[in-house]
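# Tertiary structure, described
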Amino acid sequence: AQSETNICVWGGLQHTVVMKDLIHWRDPKKTGVVFGVSMLLLLSLAAFSVISVVSYLLLALLCVTITFRIYKSVVQAVQKSSDGHPFK
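Because the structure is predicted, anything quoted here is derived from the model rather than measured.

### A look at the overall build of the chain
Check the secondary structure of the chain and you find three helices and two strands. Starting at the N terminus and walking to the C terminus, you meet the elements of the chain as β-β-α-α-α. Within the chain, buried positions represent 3% of all 88 residues. Within the chain, counting contacts between residues at least 6 apart in sequence, those at least 24 apart form 0% of the total. Put simply, the chain shows about 7800 Å² of open surface, and 68% of that area lies on carbon and sulfur atoms.

### Brief notes about the pattern of salt bridges
Applying the stated criterion across every chain, the model contains one salt bridge. Note that Arg26 and Asp21 form a salt bridge whose closest N and O atoms lie 2.7 Å from each other.

### Focus: the environment of Val34
Following the sequence through the fold, Val34 ends up in helix H2 (residues 28–47). Along the primary structure Val34 and Leu22 are separated by 12 residues, whereas in three dimensions their C-alpha atoms are 8.2 Å apart.

Cut-offs and rules
Residues numbered from 1 in each chain as written. Predicted model: local features only at pLDDT ≥ 70, side-chain atom pairs only at ≥ 80, totals over all residues. Heavy atoms only, no water. Helix = DSSP H or I, 4+ residues; strand = E, 2+ residues; numbered from the N terminus. Buried < 20%, exposed > 50% of the residue type's maximum accessible area, 1.4 Å probe, protein only. Contact = heavy atoms within 4.5 Å. Areas by Shrake-Rupley, 256 points an atom, 1.4 Å probe, with all protein chains shown as cover. Salt bridge = Lys/Arg side-chain N within 4 Å of Asp/Glu carboxyl O.

Shown next, in the form of structure tokens:
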């Protein structure tokens, strides 16, 4: 049986989102992640302002990005490779 798909084009990339599969829990891992993130976001918005939630999310993203950049720099230094910037 075919499932209904919604196609979303954002930033030049095409993503296929299978809403029916999420709603019917056909893949429990994906549905659990979506449900957990949605609940965390809703609880955060209930406790804090939108600006605070967005700023903390962006700060967390910045910390992850900087950590990844430092990790790649250390790996390049240890392996003595010249791969360049990891975000190019």
